[in-house]
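# Fold and geometry: a report
The chain contents come next:
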Amino acid sequence: MLNLPIGLRTKVVILSLFLLCLPWLGYQYVWEMEKYLRQGQERTLEGTTQALATALHERPKLFDNQASFLNRVEKSRDLYAYPLNGPIQLDGKLVDWQGYSHRFINYGQSHLIMQADEDAPLNLSFTHMVGRYGGYLYGFFEVTDPNVVYRGRRALSVDHNDHLTLATLAPDGQFRRYIIATSKDGWISAFELPANPARSTPVTPEVRIQGQWRKTDKGYNIELRLPLEMVGSKLGFAISDVNDKRRRRVEAIVGTSAIDRADNLGTVLVPSPEIENIIKGMGHNSSRIWVIDNHGRVLAKSGDIRANSSVWTRTLDEEEDEDLWSLFKRKILHPLYYRVLTAPPQDFVDSLQDSTELDGSHIRKALIGKQGSTWRLTPDSKAVILAAASPIWIDDRVMGAVVAEETTHGIRSLRNRALEKLFNVIITIMSMGTLALFFFASSISSRIRSLRDEAEGAIDSQGRIRSGIKASNNRDEIGDLSRSFSNIVSRLRQYNQYLENMSSRLSHELRTPVAVVRSSLEHLQLQQLDGDSQKYVDRAQEGVSRLGMILNNMSEATRLEESLSQAEMQAFPLSKVISGCMQGYQLTYPQQEFTTEIEQELRMRGVPEYLAQLMDKLIANALEFSQPDSAIQVSLKSQGKQACLMVSNSGPALPQNMAEQIFESMVSVRPHQQQAKPHLGLGLYIARLICVFHQGQILARNRADGSGVEIVIHLPLLKDSQ
């Protein structure tokens, strides 16, 4: 497992990430607030519908003319006068009607009223729609008739030709019929027929009905309009087809309903101006109000849900300052926030914008006498619309409902504004808190690093105390630790000084008793002793000699340290010193094989005698550990600005973790059988002292093949020898 070092500052920064919980908690809080706001908006909208429904209670005249008392309506029979966006140009071309093509109704075989020959195929059909604009009812008929028969120019009858008949139960309660026939394309001629369906004469011209008759490739078109004051609650249209110009007999009649009696007529629903006047005041806010009958047909509509004037939105209207903070919010923070938040869209698809019939759970609930509300998503998923409905009562009967709709744009804007302000505060707190924690952690880590540096600087690589640790005056845990370290280092320095001086003290103190013992033994040697006594004297003499050797070794390191402090350095040829030493070793140890590789002309600054003493210690160490019949290898090469001196011998490898410790005082890794000879492990310690004095480095390592040990020394060279 990867164990990466993580600093105190990094840990504090990681811990500060828990501050990220604050935005989440803030978001959850605002989300809960939005839920309550939506509930409030729902109750407010229900109250609006209830108030408007109260204004329409017990007013039957507003609904009598709307066929609301029918148990059910049939779309092709019961007509709906759709609101038109503008007046229709009566030219028979039907261009103005193309924007309402989804409202067209086709009439054919299923709407047949009469056919003279039931076995003959029906060639008559038409497409029809009625609409309302201003005070007029507009309508068109696109008739398919392969044989158009016009009225004769001098004919007195108006029904022995292709014609359009309309019948209505007028507002005054009278049943009236009208016929439209023409002798040629152009402006239509309208006549009022007798109320008795059995009679077609006499006729009275009706100039209030205006329109255009235009022949087409497949038949003819009729566009007409008549004042709404002529139309009552019932209305029917019928197209009569005459194919034989001589006999002029009506072959078939296709219509919206039978027109012979008022009871057979279908109904017509014209959006009520009276109801619109009642609810038009609601058009000044962002609510859309519908009034429907008990069949779900729209009687009146007011308002636009795309308007941005709700009470929720008005609470957010405030002028933006032009200071740096406002600029920073608009340019930096808002684009960042709205990667998470959703801004209310300026436009969205409203599937009910031009609806003439409404349905939904809230409406069905209202039409059974209960208040209801529902939420829906627009088809493009950009907006959420709240709809509420309240019933309209007349004589304990539900005659319709008031439906109000609003978007949640205002609440979403209010939520976004609350989140923006909340996030601004949270980001400020998080930034300040993180910076404070970072600087606090930096302060602590810098004090700990300073204490670490002081501790490392107080002890050199050989474990000697070089300087003390300054105690901190801070009254916290780190200050206590600093004072503890200072006390520990001070006591260690005293102990190390005692150990460092112990060899010289022992050497000084033991020399006198050793001299006394040696002189006493020498006097005994002058006397005649028996064999046993002489044996003991020889053994004592041997022990004194070994003790003297130990004292000499102990004092050697002390004398060397003292002499190094007073030595004067000079430039000398390093190559010649090493070569001279190796020649002497060949003479001194003729039985030992040496191999040398010495690069010439290497010069350095130092004391040649000490370098020779260094070589003595290294060769002595190699001789002790070298295997019989194996060569000791000595090489001297330049490596950049340094000389690399290496002494390598075959033999036992260094124990693990002893590569540094063998250069310490009184440390030896010799086998037990070699310990009969007095040895304090000071040879390599002296070598390290000489190396450090010459600003060099010494290290011990096993050979790459594990067959022995290499002692490597790096010494600085003079510039002229590189």
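Notes on the structure follow. Every value quoted in this text rests on a predicted model; they were computed, and no experiment measured them.

What follows covers the overall build of the chain. Regarding its fold elements, the chain presents 13 helices and 28 strands. In the chain, buried positions account for 43% of the 722 residues. The contacts of the chain with a sequence gap of at least 6 include a subset with a gap of at least 24, amounting to 66%. Surface summary for the chain: the accessible area is close to 39600 Å², and the carbon and sulfur share equals 52%.

This brings us to the environment of Gly131. Tracing the backbone shows Gly131 in strand β5 (residues 125-133). On the basis of relative accessibility, which here comes to 0%, the residue Gly131 falls in the buried class.

Under the definition given, this model contains 15 salt bridges. As a salt-bridge pair, Arg364 and Asp359 come within 3.1 Å of each other at their nearest N and O atoms. Note that Arg483 is salt-bridged to Asp480, the shortest N-O span being 2.2 Å. Of the two residues, Arg483 and Asp480 are both situated in helix α9 (residues 477-526); the distance of 3 residues between them amounts to about one turn of the helix. Judged by its relative accessible area of 22%, Arg483 falls in the partly exposed class.

All right, on to the sheet that holds strand β18 (residues 298-302) then. Read across the open sheet, the 5 strands follow the order β18-β17-β21-β20-β19; overall the sheet is antiparallel. If you trace the sheet from one side to the other, it starts and ends with β18 and β19 (372-377), each paired once. Going from strand to strand, the sheet's axes swing by 20° on average, the running direction of each strand aside. Pairing of β19 with strand β20 (residues 384-394) involves 6 bridges; the strand directions are antiparallel. Its bridge partner lying in β20, Thr374 is registered against Ala387.

Counting 43 residues, the largest nonpolar core has Leu574, Met615 and Leu618 as the members making the most contacts within it. Sort the elements by how many residues they give to this core and helix α13 (residues 683-693) lands first, with 8 residues. Contacts of Leu574, omitting those with residues within four sequence positions, involve Leu602, Arg603, Met604, Leu611, Leu636, Ala643 and Leu715. In this structure, Leu52, Tyr100, Ile289 and Ala300 belong to the second largest nonpolar core, which totals 40 residues.

A word on unusual backbone geometry. The phi dihedral of Glu58 is positive, around 55°, even though this residue is not glycine. In this fold, Glu58 is placed in the loop between α2 (21-56) and α3 (61-64). With a phi angle near 55°, Asp395 is a residue other than glycine that sits in the positive phi range. Within the secondary structure, Asp395 is located in the loop between β20 and β21 (397-407). Here Asp395 falls in the exposed class, since its relative accessible area comes to 63%.

Here we take up the side chain of Gln212. Its location among the elements puts Gln212 in strand β12 (residues 210-215). Given a relative accessible area of 17%, Gln212 falls into the buried group. Of note is the side chain of Gln212, whose polar atom sits 3.3 Å from the backbone oxygen of Leu90. Residues in contact with Gln212, not counting those within four places in the same chain, are Leu90, Asp91, Gly92, Gly186, Trp187, Ile188, Asn221, Ile222 and Glu223.

With respect to the element layout, Asn221 can be found in strand β13 (residues 219-227). On the basis of relative accessible area, Asn221 is assigned to the buried category, the value being 7%. At a separation of 3.2 Å, a polar atom in the side chain of Asn221 contacts the main-chain carbonyl oxygen of Gly92. In contact with Asn221, not counting residues within four places along its chain, are Gly92, Leu94, Phe141, Glu142, Val143, Gln212, Trp213, Arg214 and Thr216.

This brings us to the packing of helix α12 (residues 608-625) against α13. Running from amino to carboxyl end, α12 crosses α13 at an angle of 145°, the nearest separation of the two axes being 9 Å. Crossing handedness for the pair α12 and α13: left-handed. Residues Tyr610, Leu611, Gln613, Leu614, Lys617, Leu618 and Asn621 of α12 form the contact with α13, whose participating residues are Gly683, Leu684, Ile686, Ala687, Ile690 and Phe693.

Relative to the helices and strands, Ile698 is located in strand β27 (residues 697-702). Accessibility expressed as a relative area gives 13% for Ile698, which makes it buried. For the pair Ile698 and Ala687, spaced 11 residues apart in sequence, the C-alpha separation works out to 8.4 Å.

Where helix α11 (residues 574-588) meets α12, the axes come as close as 10 Å, and the angle between the chain directions of the two elements is 45°. Taken together, the axis directions place α11 and α12 in an arrangement best described as oblique. By crossing handedness, the relation of α11 to α12 is classed as right-handed. Residues Leu574, Val577, Ile578, Cys581, Met582 and Tyr585 of α11 touch α12, and the partners they reach there are Pro608, Leu611, Ala612, Met615, Asp616 and Ile619.

Below, the discussion takes up α11. Taking 1.5 Å as the rise per residue, α11 with 15 residues should run 21 Å; its terminal C-alpha atoms sit 21 Å apart, in good agreement. All of the buried residues in α11 are Leu574, Ser575, Val577, Ile578, Ser579, Cys581, Met582 and Tyr585.

Okay, the sheet that holds strand β26 (residues 642-650) next. Read from one edge of the open sheet, 5 strands run β23-β25-β26-β28-β27, paired in mixed fashion. With partners counted over all chains shown, the strands left at the sheet margins are β23 (594-598) and β27, one partner each. With direction set aside, neighbouring strand axes in the sheet form an average angle of 15°. Pairing analysis gives 9 bridges linking β26 to strand β28 (residues 708-716), with the strands arranged antiparallel.

So, about the packing of aromatic side chains. Scanning the entire structure with this criterion turns up 10 aromatic pairs. Residue placement shows Arg38 over the ring face of Trp375; its charged tip is 5.4 Å from the ring centre. If you follow Arg225 out to its NZ or CZ, it ends over the ring of Tyr136, 4.3 Å from the centre.

On the surface, Leu22, Trp24, Leu25, Val425 and Ile429 cluster together into a nonpolar patch covering about 490 Å² of accessible area. Elements with a minimum of two residues in the nonpolar patch: α2 and α8 (409-458). With 3 residues, the single largest contributor to the nonpolar patch is α2. Locating Val425 in the fold gives a position in helix α8.

Take the environment of Arg415 next. With respect to the secondary-structure elements, Arg415 resides in helix α8. Residues Arg415 and Val30, spaced 385 residues apart in sequence, show a C-alpha to C-alpha distance of 6.7 Å.

Analysis parameters
- Per chain, residues are indexed from 1 in the order of the written sequence.
- Under the rules for a predicted model, residues below a pLDDT of 70 receive no local features and side-chain atom pairs below 80 are neither given nor counted, while totals for whole chains, interfaces and linings still include all residues.
- Water and hydrogen atoms play no part in the side-chain values, which are based on all heavy atoms of the structure.
- Put simply, DSSP H or I for four residues or longer makes a helix, DSSP E for two residues or longer makes a strand, and each gets a number counted from the N terminus.
- Buried residues are those whose accessible area, probed at 1.4 Å on protein chains only, stays under 20% of the maximum for their type, while exposed residues exceed 50% and partly exposed ones sit between those limits.
- In what follows, a contact means two residues having at least one pair of non-hydrogen atoms within 4.5 Å.
- In these tables, accessible area is a Shrake-Rupley quantity obtained with a 1.4 Å probe, and a residue counts as shielded only by the protein chains included in the view.
- A carboxyl oxygen of Asp or Glu within 4 Å of a side-chain nitrogen of Lys or Arg is what we treat as a salt bridge.
- Here, strands pair whenever DSSP counts at least two bridges between them.
- Angles run from 0 to 180 degrees between N-to-C directions of axes, and those axes are lines fitted to C-alpha atoms, restricted for helices to the stretch in contact.
- In plain words, nonpolar cores are sets of buried Ala, Val, Leu, Ile, Met, Phe, Trp, Tyr and Cys residues tied together by side-chain atoms within 4.5 Å.
- Between N or O atoms, a polar contact is any pair within 3.5 Å; within protein, one atom must be a potential hydrogen donor and the other a potential acceptor, and residues adjacent in sequence are included only when both atoms are from side chains.
- The handedness criterion is simple: a crossing whose near helix is rotated anticlockwise from the far helix by less than a right angle is left-handed, and one whose near helix is rotated clockwise is right-handed.
- An angle below 35 degrees is treated as roughly parallel, one above 145 as roughly antiparallel, one from 65 to 115 as roughly perpendicular, and anything else as oblique.
- A helix is expected to span 1.5 Å for every residue after the first.
- Centres within 6.5 Å are what make two rings of Phe, Tyr or Trp a pair, Trp counting through its six-membered ring; a difference in plane orientation under 30 degrees is then read as stacked, over 60 as edge-to-face, and the rest as tilted.
- As a reminder, the over-ring test applies to NZ of lysine and CZ of arginine, requiring each to be within 6 Å of the ring centre and within 35 degrees of the ring normal.
- Each patch is built from residues lacking any salt bridge and having more than 30% relative accessible area; the joining distance is 9 Å for like charges and 5 Å for nonpolar side chains (Val, Leu, Ile, Met, Phe, Trp, Tyr).

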